[in-house]
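# Observations on the model geometry
What follows is the residue order along each chain.
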Amino acid sequence: MGAVSAARMETFLVVARLSSIRRAATQLHITEAAVSAAVAHIEKQLGAKLVAKSGRGIALTEAGRIYAEYCRSILGLMKEAHAAVQQAETGRLRIGVVATAGEYVLLRPLAAFRNRYPDIELSLSVHPRDVLFLELQHHETDLVIAGRPPRNTGLVIRARRPSHLIVVGVADQDPLRTTWLLRGRGSGTRDATLTLLDQLEISPPTLTLGSHGAVLAAAREGLGVTLIHSDAVSQDLEFGVLRILSVTGTPMDRPWHAITTRTPTPTTRLFLTHILDPDEVGADAFHPA
């Protein structure tokens, strides 16, 4: 059995993501025949059917889903291997963050890192935590700033920064009766909120908003109360726009974590050293795990 090239793997992953030969060809700027040939070549090499017709598009078979996961990991490891042999100060660093960490925790340390090491190629992606941890497992991201990763994933917590979840709202709101504002599915804060409501044994009205910014804006307008990281509302509390509401079980200790695989690249280790150094990042510094 011959080897499957990285280019064919990448083509297959685009097909898998878009569920369409035509859309994959458009995105890759090649012909549909070339895309179909790449998929057919992989299927012949593996001796397994990877895709099947589904309506007007295609769907992955069980073998296709399994192979797609391996492709993600293999391609991620190939890129990681390239980064691992580069000089740390001129390498590449891909950081993934949840929205709150991206807006309120990482930007100042990242700006200081950019100024300190201008030749490093930086990229920052914002996703729900479950997506970030999956990307990290597949070596598609080098470092994630988020809550605690799931167990048995092989991911390693390298550093922590203290943070708390608090309930906030405008004056005179009763958190046991008013509407609770929720983030979208996949949000760790949403999961923590639903767990808290179960512990309080209450079933208040809820309003789901798609983004962290929308939840915060709605809370400022008095549309409800919300459980949120203290980092995100420090100015609102300081100026009296929002206030902390007393709710049993809060504040919750929910530190931020800097998380990598077991084999971080030299540039990733350089960034970890940076965010652990209070002389460089001041009050934004993380602490060793």
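This section reports on the structure supplied with the text. All figures in this text were calculated on a predicted structure; none of them were measured in a lab. (Residues numbered from 1 in each chain as written. Predicted model: local features only at pLDDT ≥ 70, side-chain atom pairs only at ≥ 80, totals over all residues. Heavy atoms only, no water.)

## Overview of the nonpolar core
Core analysis: the biggest nonpolar cluster contains 30 residues, and Ile95, Ile145, Phe271 and Phe286 have the highest contact counts within it. Going through the elements one at a time, strand 3 (92–97), helix 6 (107–116), helix 7 (129–137), strand 5 (143–146), strand 6 (156–161), strand 13 (256–260) and helix 11 (266–275) are the ones with two or more residues in this core. Filtering out sequence-adjacent residues up to four positions away, Phe286 remains in contact with Val105, Ile145, Ala159, Arg160, Arg161, Trp256, His257, Ala258, Ile275 and Leu276. One finds Phe12, Ile42, Ile58 and Cys71 within the second-largest nonpolar core, a separate group that totals 19 residues. (Core = buried A, V, L, I, M, F, W, Y, C linked by side-chain atoms within 4.5 Å. Buried < 20%, exposed > 50% of the residue type's maximum accessible area, 1.4 Å probe, protein only. Helix = DSSP H or I, 4+ residues; strand = E, 2+ residues; numbered from the N terminus. Contact = heavy atoms within 4.5 Å.)

## Quick notes on the sheet that holds strand 5
With respect to topology, six strands assemble into an open sheet ordered 4-3-5-13-6-14, the strand pairing being mixed. Sheet topology places strand 4 (121–126) and strand 14 (287–288) at the edges, where each strand pairs with a single neighbour. The pairing of strand 6 with strand 14 spans two bridges and is classified as antiparallel. Pairing of Arg160 across the sheet is with His287, part of strand 14. (Pairing = 2+ DSSP bridges.)

## Focus on the pairing of strand 1 (residues 51–54)
The pairing of strand 1 with strand 2 (residues 57–60) spans four bridges and is classified as antiparallel. Bridge pairing in strand 2 links Val51 to Leu60. The turn joining strand 1 and strand 2, which pair antiparallel and follow one another in sequence, is formed by two residues; a positive phi near 65° is taken by Gly55.

## Here we look at the environment of Leu245
Summarising the element assignment, Leu245 is placed in the loop between strand 11 (243–244) and strand 12 (252–253). Residue class for Leu245 comes out buried when judged on its relative accessible area of 4%. Separated by 120 residues in sequence, Leu245 and Ser125 place their C-alpha atoms 32 Å apart. For Leu245, the residues in contact, after removing those within four places along its chain, are Val167, Val168, Gly169, Val170, Gln173, Pro175, Val225 and Thr250.

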